[in-house]
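# Structural features, examined
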Amino acid sequence: MPQLSKREVVIDSAIVLFKKFGINSTGVEHIIKEANVSKKTLYNHFKTKDDLVLASLRKDDEVGRNALMRYAEQASDDPKLQILAIFDFYNLWFNSASFNGCLFTNSAGEISEENAAGRRICAEHKRLIQQYIENLAIKAGIENPKETALKLNLLLEGSIVYAYVMDKKSAALEAKKIAALFVTADIES
């Protein structure tokens, strides 16, 4: 595997720290120490901490969504089972040693300006997950794919909060049972 650039090392280190401690509680000095780079190196790549936050959110979105889609698509050729596999992916995430809630939910809560770029990235991440579910629902021939995707995404979001706040690591599997009702039957709200 090729060696990461200093820029990528800084981003990856920042992601780890932002997930563990939050954006506001993670200082530049902590990132520099974790990445084992100089302050000059960090500021050569990022003019401000906000620029680093944005780069970190973008990378974590890309890496996380791609991993989720790969997992779902390797689980089955059946789009209904791919939808349910998303809940299995979340279950693995919740039970990993690095689980500290959702970086995007936590970050959106820390960014006070409503229309800030960071909040827009967080919202876009959530929309793209829902859009992926909707695309799978369309392929599966599920009636009302947009509404079904919204409901399933709400289940996923609720399971994240429950797993983190209530320390209920099985939350995704519980949510999967409910999701199966939406995926395997036409349920009117």
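You'll find the structure just up there.
A few points on the structure. All figures in this text were calculated on a predicted structure; none of them were measured in a lab.

Here we take up a nonpolar patch on the surface. On the surface, Val161, Tyr162, Tyr164, Val165 and Met166 cluster together into a nonpolar patch covering about 520 Å² of accessible area. Position of Val165 relative to the elements: it lies in helix H8 (residues 145-165). On the basis of relative accessible area, Val165 is assigned to the exposed category, the value being 59%.

If you look at the biggest cluster of nonpolar residues, it comprises 54 residues, and the most contacted ones within it are Val10, Ile31, Leu52, Ile86, Tyr90, Phe94 and Leu152. Of all the secondary-structure elements, those providing two or more residues to this core are helix H1 (6-21), helix H2 (28-35), helix H4 (49-75), helix H5 (79-94), helix H6 (103-110), helix H7 (117-140), H8 and helix H9 (171-184). Apart from residues lying up to four places away in sequence, Val10 is in contact with Ile31, Ala35, Val37, Leu42, Phe46 and Leu52.

Let's shift gears to unusual backbone geometry. Phi is mostly negative for residues that are not glycine, and the peptide bonds are mostly trans. The phi dihedral of Asn36 is positive, around 60 degrees, even though this residue is not glycine. In this structure, Asn36 sits in the loop between H2 and helix H3 (39-45). Classification of Asn36 by relative accessible area gives exposed; the value is 65%. A positive phi angle is found at Asn144, which is not glycine, with a value near 55 degrees. With respect to the element layout, Asn144 can be found in the loop between H7 and H8.

Rules and cut-offs
Residues numbered from 1 in each chain as written. Predicted model: local features only at pLDDT ≥ 70, side-chain atom pairs only at ≥ 80, totals over all residues. Heavy atoms only, no water. Patch = residues over 30% accessible without salt bridge, like charges linked within 9 Å, V, L, I, M, F, W, Y side chains within 5 Å. Areas by Shrake-Rupley, 256 points an atom, 1.4 Å probe, with all protein chains shown as cover. Salt bridge = Lys/Arg side-chain N within 4 Å of Asp/Glu carboxyl O. Helix = DSSP H or I, 4+ residues; strand = E, 2+ residues; numbered from the N terminus. Buried < 20%, exposed > 50% of the residue type's maximum accessible area, 1.4 Å probe, protein only. Core = buried A, V, L, I, M, F, W, Y, C linked by side-chain atoms within 4.5 Å. Contact = heavy atoms within 4.5 Å.

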